[in-house]
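Here is how the chains run, residue by residue.
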Number of protein chains: 4
Amino acid sequence: VPPPPPRRRARACGLEFGSIPTGSHNAITDVPGVRVGHVTLWKDPDSDGNGAVARTGVTAIVLDDVSEMFRRPMAAGVAVLNGAGELTGSIEMREWGILETPIVLVSTNNVGRAYDAVVDAVLESGIDDVVIPVVGECDDSSLDDVRARSLSVAHVREALETAADGAVAEGVVGAGCGMITMGHKAGIGTASRVVGTGTVGVMLLCNFGGARLLRVGGMVVGPRLGDSAPPLDTGGSCIGVVVTDVSLDARQLERVARRVGLGLARLGSVAHHGSGDIFCAVSTANRVDRDARGTRTVTVLADAELSDIFTAVVDATEEAVTNALFVADTVIGRDGFVAEGLPVDQILEWLGLAP
Amino acid sequence: VPPPPPRRRARACGLEFGSIPTGSHNAITDVPGVRVGHVTLWKDPDSDGNGAVARTGVTAIVLDDVSEMFRRPMAAGVAVLNGAGELTGSIEMREWGILETPIVLVSTNNVGRAYDAVVDAVLESGIDDVVIPVVGECDDSSLDDVRARSLSVAHVREALETAADGAVAEGVVGAGCGMITMGHKAGIGTASRVVGTGTVGVMLLCNFGGARLLRVGGMVVGPRLGDSAPPLDTGGSCIGVVVTDVSLDARQLERVARRVGLGLARLGSVAHHGSGDIFCAVSTANRVDRDARGTRTVTVLADAELSDIFTAVVDATEEAVTNALFVADTVIGRDGFVAEGLPVDQILEWLGLAP
Amino acid sequence: VPPPPPRRRARACGLEFGSIPTGSHNAITDVPGVRVGHVTLWKDPDSDGNGAVARTGVTAIVLDDVSEMFRRPMAAGVAVLNGAGELTGSIEMREWGILETPIVLVSTNNVGRAYDAVVDAVLESGIDDVVIPVVGECDDSSLDDVRARSLSVAHVREALETAADGAVAEGVVGAGCGMITMGHKAGIGTASRVVGTGTVGVMLLCNFGGARLLRVGGMVVGPRLGDSAPPLDTGGSCIGVVVTDVSLDARQLERVARRVGLGLARLGSVAHHGSGDIFCAVSTANRVDRDARGTRTVTVLADAELSDIFTAVVDATEEAVTNALFVADTVIGRDGFVAEGLPVDQILEWLGLAP
Amino acid sequence: VPPPPPRRRARACGLEFGSIPTGSHNAITDVPGVRVGHVTLWKDPDSDGNGAVARTGVTAIVLDDVSEMFRRPMAAGVAVLNGAGELTGSIEMREWGILETPIVLVSTNNVGRAYDAVVDAVLESGIDDVVIPVVGECDDSSLDDVRARSLSVAHVREALETAADGAVAEGVVGAGCGMITMGHKAGIGTASRVVGTGTVGVMLLCNFGGARLLRVGGMVVGPRLGDSAPPLDTGGSCIGVVVTDVSLDARQLERVARRVGLGLARLGSVAHHGSGDIFCAVSTANRVDRDARGTRTVTVLADAELSDIFTAVVDATEEAVTNALFVADTVIGRDGFVAEGLPVDQILEWLGLAP
């Protein structure tokens, strides 16, 4: 059984998410220079029942060539809404205020391999130094046989190398293959906004929350969806990445990253105990030469202008999660576990939108 | 002109906020031992135009006698969503994980006087020591003549001394007199929830956000309310206080406090640049003797049970803010500035609820 | 009995603190524009035994006219080593990365009055707005009758208005009157360093630690000083202020502030449970117009250059604390409590320095 | 050339570090149940010059069987003095307040492999779940050919499996093979203290600071050691691990972890820009059943008792670093780079101790 084909994005179904215009692909790749690579791992046992179930993968967000990223890191900030998860490199990001590698998303048990793969990639690019990659994770163990550890270092390298600009696949793809959100199949979601001063893109690996609390387009739909909701305290998580070409500094980017959580709240998330809701934000316009000495001059946005960017991030986050839920159709995984796709037509009807 | 009389609370208008039952008053005072005191300062110039406009006041949340609070502080935690504001005592609360005084809410320029009043109260209670009070603030300078500084130390003492249990006045009362939220008159709001293990109460001083983003009952109503919305980047803030009789420790209470922000997000807040969104959470069931030595035994909730409390906090926060908006009617303040009450009937109609 | 006259500073006694040169006064006022004001409150009962003992005061660090500070705040950062204390305004400093008022130091119970005095000063300077002052405290209740509350708002205003550049009084002066450090009388200490890129000044209100752990000039002297040491877990605290005219941003200044704690460690501090060791750092060269919109261009030091500034801060902090201990002579306070001055001659002998 | 044999520990040379007694091995293994495993990787090119130089390794701190650690994690806290480094799992440690795996120390580029090895170990122990290991790193690239990546997953497993109690090898061993501190060869150091309530053990991977600032036994020796000091802003780091059988909760353990930095300061560290000074603290006496529901009763030390533990941590940290410097002799590494051993005899003479 192959992965389910993607369904329509939320906006194509008539939903709106605020008044700020989107970028041309309504994706993180609308920020110039940003590329995304997915490698999907999708396996079933053979006819004799041998072999593991794979519903996992890797997604890479590549902001520049790995050697250039290392030599001229970008200003970055990190925020944690609920820290039951991992984003490696977060300590350095907070201290130095920079991102120096691609950002790689995988399932929890594969963080080490993704980390190792990025180290390899940096060394092979000609850097003779040590590096601390940024790898985020969510737990896909309901659908994926995480003990089988299907992901290899080579898969991560492939995601890095095939990263491309333009439209971005969402839902059941890359690291999103085994992810579940608000009780329904989800995975990768993205959106973008064009503010006066540049473009803001978000990409999320969505794996959080319980069905009873779900809100779509603002409407509280969870209770109407019935009793199939899994309990709130299962595993879960959401890694959120914001990229912008507005020139912001590290302190501002931490503030921007913090807003992703407010977007999750619009879907009904209460950031339950087991959720690793961890976010980072990066400015492609504020780069810091690793070997810089003396002083440097940097142009940054006035803080008073940040509210528009905050609104863009919250709106785009709400849309990205809704995209992940709308695009991802039902997946059957490990031990026959079924993650139902969101009943989109039903919800559109409730919202007064023609299915 | 006296303050406008309170209007109906949100639940009395037919709105629902999640499935968890409320306490008997649906107020922070449903947590045993919690008392609230309001002193409202409401003055207009005399017929000759002399005298300042006062649209301010003080609200005190009293959890025990001041001497008892000091001798046996309660476990507490603090969280900052956007820190453009002040909650004194937050550094000690984070380090020692306790609350040792009442919590007092005032307008920004009056923090020092509230602080001083609590010191007086503690010393007069027989404590011969130094004390760090917890005072939170929002900026009511659109409606109140903040230069006139109408609030005195005596007003704060009065709020402490008149604090009572039972039903709590909301909206245009106490520290809420001059506050504005999501473009409309607001102020004090409260709500409570009964979870399996105890009661969770919240009280908020609501003064945040812009009208264009307003959501009520989940529905996005801001754009339909027209162009009267003030810009997002005006002053603002929300101080949120959570109190529970569930026995939680300081680490857990910090996590609980953090959830208040998710409740604000349900109203549409993006925590704009100028907002001081600062929250604390206190457990009346986990007290620490100031003079304790050796070891102590404490019963705490398992972390895995926290998700229900998180849900209670987010639901109650959403309801408390909605209460502040529903109860508070239009106020005319300093320089004729008008803070319109939320057009509740219109919104109820949009929500399909009979006005 | 008047306050004891100041004794010699540590450097005048032959001690050295690293290899970086000092500024001309070896004081925080070596940073251009920085002024310091002390008001000392020193009272004893009359011959009939009536009246309280005052061993307290206020110290103001003024970086510009109050209206100019408010209109064009300076970049700032804050760090907490042990948070059993208070520095008001720290939440805003962390979020906005700025300082917008003078910094005032008082004893714990007087924070509210100092806060109120700064609000008055800002309003009287013509600012029609709300303001969040920065007030730090240590606990002088061993020597001062803190229940008598000798400090008034007017005393704080006087410290602000009499602040001057040039040499700075240390030891038993201003807010330092009642402070005790490492078991000996201490109080105010200051020092400065000239690095390649500018001047770094520190001022500390020293009130921390126990005698058994004391190190002077690196040498472990505590155990040789005998058994008079008070227990470690008494009250205590150290507020540390770093000011520089090197252009640093808020993230860098937080890192700078964090280094003050390493200077305290050189004196033997373990940041005991009851200590409020709270530090801030400010750059007079990086100012942010409150009304700024659009973008601004800022020149900041490359991070790789920070290590020299870190060294300057740690060295200057060690020297400032040592100054506080060397300059402050024995004080007898409330209830006859004696805070012995450090036996400087004995220590100089141990260090091989001629007394 | 094999690794240099260990030299004498600091205490064996006559140095003292405070008045609190040590445990029987004066090592982290004095805390019951704690085991340490080292695997040293030491290779030179063959006679034809082929092959890489390896001066690296892995050190594992094992607190219980991996499956038991996962099922019943220990209370833990984390603190960052300067975050230019990595300790994976720190986000979860901060949120949940627990440690659920062994702690593994490696060089920077090998973090991913160590992470992967621990995941393997946990899965093989019978856990069918996802896991977030705790792996810390320092940069040994001055001595080790980090591009050759000599460490494999198998080496990490070997360190986990051979971990033993009793005396612990220090200096040039395990992860310490290529580490340099305060300008001299260092590596692994450990020490312990017995306080009234239990045992406190520390282990550090020491790789920080510059020679000019070095203090030993309190005495400032850096400037007397001459000009061979490397510049301060080279790479560096210190991962510090505190383990105790005193029952502390997560908030207290974060406070304990923060004190490690004060111990580094006693050696002269200013936590330079490039240093990853990251610390964690764990209580073996406060375990949290992963599947716990309802409430649990925990016995914790009164906060007022913490000062003794803080003193123990700072003293033991100072001793552990001094041990790392005293024990490690000169190492020649990659490209002929020489990391000189500390001239111990010279320093003992300066300290008035017989060599």
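Only a predicted model underlies this, so the values are computations on that prediction, with no experimental measurement involved.

### A few points about the overall build of chain A
Part 1 of the argument: Helix and strand counts for chain A come out as eight helices and 17 strands.
Part 2 of the argument: Here chain A has a C-alpha radius of gyration of 19 Å; the compact-globule value for 355 residues is 20 Å, and the two agree.
Part 3 of the argument: Overall, chain A is about 60 × 50 × 35 Å in size when its C-alpha atoms are taken along their principal axes.
Part 4 of the argument: Burial status across chain A gives 70% buried among its 355 residues.
Part 5 of the argument: Pairs at least 24 residues apart make up 80% of the contacts formed inside chain A by residues separated by at least 6 positions.
Part 6 of the argument: A total accessible area of about 10,000 Å² is found for chain A, and carbon and sulfur atoms account for 48% of it.
Part 7 of the argument: When the 29 positive and 45 negative side-chain charges of chain A are each reduced to one mean point, those points stand 3 Å apart.

### Considering the interface of chain A and chain D
Part 1 of the argument: Counting residues at the interface gives 44 residues for chain A and 44 residues for chain D.
Part 2 of the argument: A salt bridge links Asp 120 of chain D to Arg 149 of chain A; the shortest N-O distance between them is 2.6 Å.
Part 3 of the argument: Put simply, chain A and chain D have 24 residue pairs in polar contact (both at pLDDT 80 or more) between them.
Part 4 of the argument: Those elements that provide at least two residues to the side of chain A that touches chain D are strand E3 (74–83), helix H2 (90–96) and helix H3 (111–124) of chain A.
Part 5 of the argument: Per-element accounting of the side of chain A that touches chain D gives the leading share, eight residues, to H3 of chain A.

### Observations regarding the pairing of strand E13 (residues 236–244) of chain C
Residues and elements named next belong to chain C.
Part 1 of the argument: Within E13, nine of the nine residues are buried, leaving the element largely enclosed by the surrounding structure.
Part 2 of the argument: What you see with E13 is no split at all: Gly 236, Cys 238, Gly 240, Val 242 and Thr 244 on one side and Ser 237, Ile 239, Val 241 and Val 243 on the other are buried throughout.
Part 3 of the argument: Strand direction decides the pairing type here: strand E10 (residues 198–207) and E13, joined by eight bridges, are antiparallel. Bridge pairing in E13 places Val 202 opposite Val 242.
Part 4 of the argument: Relative to strand E14 (residues 275–287), E13 runs parallel, the two sharing nine bridges. Residue pairing for E14: Thr 244 is matched across the bridge by Ser 283.

### Observations concerning H3 of chain A
Residues and elements named next belong to chain A.
Part 1 of the argument: Taking 1.5 Å of rise per residue, the 14 residues of H3 would be expected to cover 20 Å, and the 20 Å separating its terminal C-alpha atoms lies within 8% of that figure.
Part 2 of the argument: In terms of burial, H3 is largely enclosed, as 13 of its 14 residues are buried.
Part 3 of the argument: Phi turns positive one or two residues past the end of H3, at Gly 126, with a value near 105 degrees.

### Thoughts on the side chain of Asp 249 of chain B
All names here are of chain B.
Part 1 of the argument: Its place among the elements puts Asp 249 in the loop between strand E13 (236–244) and helix H5 (250–258).
Part 2 of the argument: This buried residue, Asp 249, is left without a salt bridge; Arg 251 holds the nearest opposite charge, at 4.5 Å.
Part 3 of the argument: Among the polar contacts listed, one links the side chain of Asp 249 to the backbone nitrogen of Gln 252, at a separation of 3.0 Å.
Part 4 of the argument: Not counting residues within four places of it along the chain, the set of residues in contact with Asp 249 comprises Asn 286 and Val 300.

How each quantity is defined
- Residues numbered from 1 in each chain as written.
- Chains lettered and ligands numbered in written order.
- Predicted model: local features only at pLDDT ≥ 70, side-chain atom pairs only at ≥ 80, totals over all residues.
- Heavy atoms only, no water.
- Helix = DSSP H or I, 4+ residues; strand = E, 2+ residues; numbered from the N terminus.
- Rg over C-alpha atoms; globule rule 2.2 N^0.38 Å.
- Buried < 20%, exposed > 50% of the residue type's maximum accessible area, 1.4 Å probe, protein only.
- Contact = heavy atoms within 4.5 Å.
- Areas by Shrake-Rupley, 256 points an atom, 1.4 Å probe, with all protein chains shown as cover.
- Lys, Arg positive; Asp, Glu negative; His and termini not counted.
- Charge placed at Lys NZ, Arg CZ, Asp CG, Glu CD.
- Salt bridge = Lys/Arg side-chain N within 4 Å of Asp/Glu carboxyl O.
- Polar contact = N/O pair within 3.5 Å; in protein donor to acceptor, adjacent residues only side chain to side chain.
- Pairing = 2+ DSSP bridges.
- Expected span 1.5 Å × (residues − 1).

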